[in-house]
Amino acid sequence: MSNISLTASMRSNLLSLQKTQSLMDTTQERLSTGKKVNSALDNPSSFYTAQSLNNRAGDLSALLDSMGQGVQTIKAADEAITSITSLVQQAKAIANQALDASVNKIESAGKFVNMTIAQGLSFDIEGAVGQVRVAIDGSEARTITIEQMAEKIATELNKAVDKDGKVIGGFVVEVNSDKTGLNITSGTGRITKVKTDASSDLPFFGMTFPGTADAAERLKYQARYNDVLAQINQLAKDASYKGVNLLQENDLTVIFNEDRSSLINIKGVDASTKGLGLSEAETWGSIENIHKVSSEVDSAINMLRAMSSEFGNNYSIVQTREDFTEKLINVLTEGADKLTLADMNEESANMLALQTRQQLAINSLSLASQAAQSVLRLF
């Protein structure tokens, strides 16, 4: 092409046409890609800045997935705590039912609200009127007068507590006129008469308490209580999410930024019966033991509430950081786009203008060539 001679006007128009075509090529690329900066050659500063912003957005996107899984892990633990709390409340209800069963049983027989004071105390007829043979707290049986027995019973009865642990009091114990029995008056004026007679079908104020029937009834509740405890352990074990169980003392670390300088460590807890201080129920023949179990359950409920509060706080933190990270990714992406994206309206207008310019350049080149074409007329 270098050995072809063109007139000055033709070469000028050709260069203009080539420049217009180059601009059209650039504009066409921007329209097809949607970007005004497609490589470092277009604009090194904008290209590398946008690349840096997009890289950080990509790193945060990967962490966003981790945060989402962290939220689900905490949520699994919180849901499990809610269910365990329900089971613990069920255990408390069973303990209360055992207490109510004991109270109802005694009321139906001996007409007394609570007979917990008489555990380990038994009696039988010694023979002589006005004497009874007693064994207190498992000691060797000895013979005392019925008056001594009345005094002992009065002292013990006025220590009695109801199922809520409140002292009842107000009991008066008197020996009847023929010294063959006792008259017991409660604080409400209710009178119970008991004979020291082997043929009597009334229990001696629960002096043989707990009776066989009462103990058997409570043992049924004891078995149910232990079944609930077993379910608590199983539920705490099943609260795992992707191999992490916050209720089995597994810790969870959630990373919030790309250089791992921002994070939260979530400590696991022991939500099993051992961690909650709940021991398997034993010897529910004693109401005192049921009261003890009831206190353990109340303490466990308070512990579960504290756990739920802590996990709820952690859940809120991680979810807030997750929302923030999503917004930050959008900000970074928008920033990169502002450096590289093309204005499609502007580029469309440019393309239309360049097409017009190209057509004009072609026409101008055609006119410039007419001078050379006039030579052909000489032949």
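Residues numbered from 1 in each chain as written. Predicted model: local features only at pLDDT ≥ 70, side-chain atom pairs only at ≥ 80, totals over all residues. Heavy atoms only, no water.

Draft legend 1. Spotlight on the overall build of the protein. Within the protein one finds 6 helices and 8 strands. When the helices and strands of the protein are placed in sequence order, the string is α-α-β-β-β-α-β-β-β-α-β-β-α-α. Looking at the protein as a whole, 36% of its 379 residues qualify as buried. A separation of at least 24 residues holds for 64% of the contacts in the protein among residues at least 6 apart in sequence. With an accessible surface of roughly 21,300 Å², the protein has 50% of that area assigned to carbon and sulfur atoms. (Helix = DSSP H or I, 4+ residues; strand = E, 2+ residues; numbered from the N terminus. Buried < 20%, exposed > 50% of the residue type's maximum accessible area, 1.4 Å probe, protein only. Contact = heavy atoms within 4.5 Å. Areas by Shrake-Rupley, 256 points an atom, 1.4 Å probe, with all protein chains shown as cover.)

Draft legend 2. Quick peek at the environment of Leu332. Mapping Leu332 onto the fold places it in helix α5 (residues 287-340). When its relative accessible area of 9% is taken as the criterion, Leu332 is described as buried. It is 5.5 Å that separates the C-alpha atoms of Leu332 and Leu53, two residues lying 279 residues apart in sequence. Not counting residues up to four positions away in its chain, the partners in contact with Leu332 are Leu53, Arg56, Ala57 and Leu60.

Draft legend 3. Looking closely at the packing of aromatic side chains. Applying the stated rule across the entire model yields 1 aromatic pair. Ring centres of Phe47 and Tyr48 lie 5.3 Å apart, and the angle between their planes is 80°; this geometry places the pair in the edge-to-face category. With relative accessibility at 22%, the residue Phe47 sits in the partly exposed group. The exposure class of Tyr48 is partly exposed, given its relative accessible area of 48%. (Phe/Tyr/Trp six-rings, centres within 6.5 Å; stacked < 30°, edge-to-face > 60°.)

Draft legend 4. Region of the structure containing the nonpolar core. Membership of the largest hydrophobic core comes to 51 residues, with the highest contact counts inside it found for Val88, Tyr225 and Trp284. Listing elements by their share of this core, those giving two or more residues are α2 (44-109), α4 (212-237), β7 (252-255), β8 (263-266) and α5. Per-element accounting of this core gives the leading share, 18 residues, to α2. When residues no more than four places from it in sequence are discounted, the contact partners of Trp284 are Ile94, Ala95, Ala98, Arg218, Tyr221, Gln222, Tyr225, Asn289, Ile290 and Val293. Counting 9 residues, the second-largest nonpolar core is a separate cluster that includes Ile146, Ala154, Val173 and Ile184. (Core = buried A, V, L, I, M, F, W, Y, C linked by side-chain atoms within 4.5 Å.)

Draft legend 5. Geometry of the pattern of salt bridges. Taken as a whole and assessed by the stated rule, the structure comprises 3 salt bridges. Among the ionic pairs, Arg56 bridges to Glu258, the shortest N-O distance being 2.8 Å. Taken together, the positions of Arg56 in helix α2 and Glu258 in the loop between β7 and β8 put the pair 202 residues apart, joining distant regions of the chain. Put simply, Lys92 and Asp298 hold a salt bridge, and the shortest N to O gap is 2.8 Å. (Salt bridge = Lys/Arg side-chain N within 4 Å of Asp/Glu carboxyl O.)

Draft legend 6. Geometry of unusual backbone geometry. Even without a glycine there, the phi angle at Glu249 is positive, about 65°. Within the fold, Glu249 resides in the loop between α4 and β7. Residue Arg260 is not a glycine yet carries a positive backbone phi of 65°. Tracing the backbone through its elements, the reader meets Arg260 in the loop between β7 and β8.

Draft legend 7. Broad picture of the side chain of Asn226. Its place among the elements puts Asn226 in helix α4. Within the local environment of Asn226, its side chain forms a polar contact with the backbone nitrogen of Ala281, the two atoms lying 2.7 Å apart. Aside from chain neighbours lying at most four places away, what touches Asn226 is Glu280 and Ala281. (Polar contact = N/O pair within 3.5 Å; in protein donor to acceptor, adjacent residues only side chain to side chain.)

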